[in-house]
Amino acid sequence: RAWQESVSLKELQRRGVCLLKLQVSSQRTGLYGRLLVTFQPRKQDSDTELPSNSFGPGDIVGLYDSAGQGDPLCTGVVTRVTPKAVTVALEEARDGELALDHERSFRLLKLANDVTYNRLKRALTALKQYRGGPASDLIDVLFFASAPRAFPETKPLEFFNGCLDESQREAVSFSLAQRELAIIHGPPGTGKTTTLVEIILQAVQQGLKVLCCAPSNVAVDNLVERLAGCRARLLRLGHPARLLQPIQQHSLDAVLARGDNAHIVADIRRDIDHAWAKTKKAQDKGERSHFLGEIKTLKKELKEREEAAMAAALSQASVVLATNTGASSDGPLKLLPETHFDLVVIDECAQALEASCWIPLLKAPKCILAGDHKQLPPTIISHRAAAEGLSLSLMERLAGHYGERAVRMLTVQYRMHRHIMEWASSELYGGRLSAHPSVAQHLLRDLPGVSDTEETSIPLLLIDTAGCGLFELEVEDEQSKGNPGEVQLVGMHVQALVDAGVKAKDIAVVAPYNLQVDMLRQHLCHSHPELEIKSVDGFQGREKEAVILSFVRSNKKGKTWLLEQ
């Protein structure tokens, strides 16, 4: 915020965090009662594109009058960005009304979001002061004051999914038998999500209330998608604009919109709008004061009805799903009693800050953590914070201490040819991984419509560019790295795969540097719009039939950086 205030608006736009001289092109009510407004550049030509920017779905923005200074007219969440327009789900204006004249000129500014930081801080304070709540025994286990225990007797399970392999069935049985803690270590392609879904369904069948979390919206939505077809009563917390389209029907907003109270709430909102309109026409102070008092009463009734409906929806759900920070007690979960949840499940736990995990962990006596601590750790920008332990995830800390007492590893992978798997298995997973027969010998040429070529008949191709003059860019003051020669080489291999019949949507290009990702997109996206080009952390957890990896580094000093890390 400080640097935004000291920088000119034109410079903010150049940096991609501000869009100037916008006009309203359309507005409608959507996303369960929110006002959806689309903005485009204020030009006569309808083909005018937005300037280059970093706006994306889920970003929090402030809407300002172009001529105005100070606080925003209101805030909102970006729902969609195209080259020519940006759509925002606007929250209520500070004074309760918002005039969006199509003739007015506006600007949008990305806002710093300190909500996450405050929630992490509150969770750590609550942990420090925690006494006698549902998570007391769990806290002792997670800080090694006592060892994890199992229930004395458990019934044999009837699995919902009859196709689970032996390691998956063992992980499910072990997790349900543990009293406080179970960790599922899921290397790439081993069916970690499939295993978690089985655990959650078994827990629901046992009558348990489950809070299911992950560090990102994408990971939570993935679980919602997988659970949605299983008849469990789901409730997804979070702003609908941040959720995938098919998931929105399970959101709290959608459930409330379908509820018995929905028409009453809509009527009260309409009464509030009418009262606001009357205040604008009021002739004297007394009349205006009367209408403002009416609005205050209506807003109180609205809050009471909405909270009652939310509490009912939350209580009736068997599985509540949210991001780690979305499970905070300053959100809808404050409406539930402290002892409501029996089990917390955290997926992709190895990618989460430990502090974020404590937000949901304090809400139940037992947790099941799933992830792969041999892959990327949490992203920590501060080197000092990383050096002092913030980059060590909760999962890695616990797995290192308890080992087999708390951990079960999934050992059959369903994603890659055995030659691709072997190095990772021997170097990272103690040689314990095996390739399922369905993929062990699988080659690109086995796909429908793909011909037998050099590119499609081998599972793993390593290209040594040493001595070829493919050096990285030497750009002063540029933290990221790019290699134009490798961009050309990647382009040739993408084209060879497409020519052989591999669909562009089945190919991923991955690079460890954002500059290289940008250069690859500029070179390839026009000719192959369905090609997925991402950074290493942006692609983690996804899969494609063919992956091309551009390592980028090649210089006369022999510096690699990545390997040194």
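Residues numbered from 1 in each chain as written. Predicted model: local features only at pLDDT ≥ 70, side-chain atom pairs only at ≥ 80, totals over all residues. Heavy atoms only, no water.

1. Considering the domain arrangement of the protein
Rules: Bear in mind that the domain bounds are from an automatic or database domain assignment.
In terms of domains, the protein is made up of domain 1 (1–112), domain 2 (135–150 + 161–233 + 318–410), domain 3 (261–313) and domain 4 (443–549). Using only C-alpha atoms to locate each centre, domain 2 and domain 3 end up separated by 41 Å.

2. Describing the pairing of strand β4 (residues 74–81)
Stated formally: Two strands make a pair as long as DSSP finds a minimum of two bridges between them. Helix numbers and strand numbers start at the N terminus; a helix is a DSSP run of H or I with at least 4 residues, a strand a run of E with at least 2.
Pairing between strand β3 (residues 60–65) and β4: four bridges, direction antiparallel. Paired with I60 across the strands is V77, a residue of β4. Two elements, β4 and strand β5 (residues 86–90), share five bridges in a ladder whose sense is antiparallel. Note on β5: the bridge partner recorded for V81 is V86.

3. Focus: the packing of helix α3 (residues 115–128) against helix α11 (residues 354–361)
For clarity, the cut-off: Note on geometry: axes are C-alpha line fits, over the in-contact stretch for helices, and angles between N-to-C directions span 0 to 180 degrees. Put simply, angles under 35 degrees are roughly parallel, angles over 145 are roughly antiparallel, angles from 65 to 115 are roughly perpendicular, and the rest are oblique. Handedness of a crossing follows from how the near helix is turned relative to the far one, being left-handed for an anticlockwise turn of less than a right angle and right-handed for a clockwise one. Every residue pair with non-hydrogen atoms within 4.5 Å of one another is taken to be in contact. When residues are sorted by character, Ala, Val, Leu, Ile, Met, Phe, Trp, Tyr, Cys and Pro go into the nonpolar class, Asp, Glu, Lys and Arg into the charged class, and all the rest, Gly among them, into the polar class.
Remark: α3 packs on α11, axes separated minimally by 8 Å, with the N-to-C direction vectors making an angle of 65°. Accordingly, the angle class assigned to the pair α3 and α11 is roughly perpendicular. Here the hand of the crossing between α3 and α11 comes out left-handed. Residues R119, L120, A123, L124 and L127 of α3 touch α11, and the partners they reach there are A355, S356, W358 and I359. Across the contact of α3 with α11, the residue classes break down as seven nonpolar, one polar and one charged.

4. Digging into the sheet that holds strand β18 (residues 546–549)
Consider a sheet: its strands pair through backbone hydrogen bonds, and that pairing is either parallel or antiparallel. Pairing is parallel in the open sheet, where three strands are placed in the order β17-β16-β18. The open sheet has two free edges, formed respectively by β17 (532–535) and β18, since each of these has just one partner strand. Averaged over all pairs of adjacent strands, the angle between strand axes in this sheet comes to 25°, irrespective of strand direction. In the sheet, strand β16 (residues 507–511) pairs with β18 via four bridges, with the strands oriented parallel. Bridging from a neighbouring strand, A508 pairs with V547 of β18.

5. Points about the pattern of salt bridges
Short version of the rule: Within this document, salt bridges are pairs made up of a side-chain nitrogen of Lys or Arg and a carboxyl oxygen of Asp or Glu, the two lying within 4 Å of each other. For every residue, the accessible area obtained with a 1.4 Å probe (protein chains only) is divided by the maximum for its type, and the residue is called buried under 20%, exposed over 50%, and partly exposed between those limits.
In total, this model carries 23 salt bridges according to the counting rule given. Its salt-bridge partner being K110, residue D59 comes within 3.5 Å of it at the nearest N-O pair. Highlighted residues: D59 in the loop between β2 (34–41) and β3 and K110 in strand β6 (residues 106–110), separated in sequence by 51 residues. K110 shares its class with D59; the two are buried. The salt bridge involving R119 is made with D330; its shortest N-O contact spans 3.1 Å. You can see R119 sitting in helix α3 and its partner D330 sitting in the loop between β10 (319–323) and β11 (343–346), a full 211 residues away along the chain. Accessibility expressed as a relative area gives 19% for R119, which makes it buried. A relative accessible area of 35% places D330 in the partly exposed class.

6. With respect to the packing of aromatic side chains
Centre-to-centre distance and the angle between the planes together describe a pair of aromatic rings. The condition that has to hold: When the centres of two rings from Phe, Tyr and Trp lie within 6.5 Å, Trp using its six-membered ring, the rings pair. Their planes under 30 degrees apart give stacked, over 60 give edge-to-face, and anything left gives tilted. Charges are assigned to positions over rings by a cutoff of 6 Å between ring centre and Lys NZ or Arg CZ, combined with an angular limit of 35 degrees from the ring normal.
On inspection of all chains with the given rule, the structure shows three aromatic pairs. Ring geometry for F144 versus Y402: centroids 5.5 Å apart, planes at 80°, classification edge-to-face. Taken together, the residues F144 in the loop between α4 (136–142) and α5 (166–177) and Y402 in helix α13 (residues 394–402) connect sequence positions 258 residues apart. According to the relative accessible area criterion, F144 is partly exposed, its value standing at 31%. It is K110 that lies over the ring of F55; its NZ or CZ is 6.0 Å from the centre. Its guanidinium or amino end placed over the ring of F174, R408 lies 3.8 Å from that ring's centre, counting from NZ or CZ.

7. What to know about the environment of L336
In this fold, L336 is placed in the loop between β10 and β11. Residues L336 and P72 lie 264 residues apart in sequence; the distance between their C-alpha atoms is 33 Å.

8. Topic: the nonpolar core
The test is simple: Definition used in this section: a nonpolar core is a set of buried Ala, Val, Leu, Ile, Met, Phe, Trp, Tyr and Cys residues joined via side-chain atoms within 4.5 Å.
L181, L333, L361 and L369 are the most contacted members of the largest nonpolar core, which has 47 residues in total. With residues near it in sequence (within four places) discarded, L333 still touches L211, L237, L314, V320, A327, S328, F341 and K363. In this structure, V172, F174, C212 and L234 belong to the second largest nonpolar core, which totals 31 residues.

9. A few points about the sheet that holds β11
Pairing is parallel in the open sheet, where seven strands are placed in the order β9-β10-β8-β11-β12-β7-β13. The sheet is open, and its two borders are formed by β9 (234–236) and β13 (407–409), each paired with just one other strand. Taken pair by pair, the neighbouring strands of this sheet meet at an average axis angle of 20°, ignoring direction. Inspection of the sheet shows strand β7 (residues 181–185) paired to β13 by three bridges, in the parallel sense. If you follow I183 over to β13, its bridge partner there is V407. In this fold α5 packs onto β7, β12 (367–371) and β13, with an angle of close to 165° to the strand it touches most, β13. Most of the contacts of α11 go to β11, to which it runs at about 150°, and overall it touches β8 (210–214), β11 and β12.

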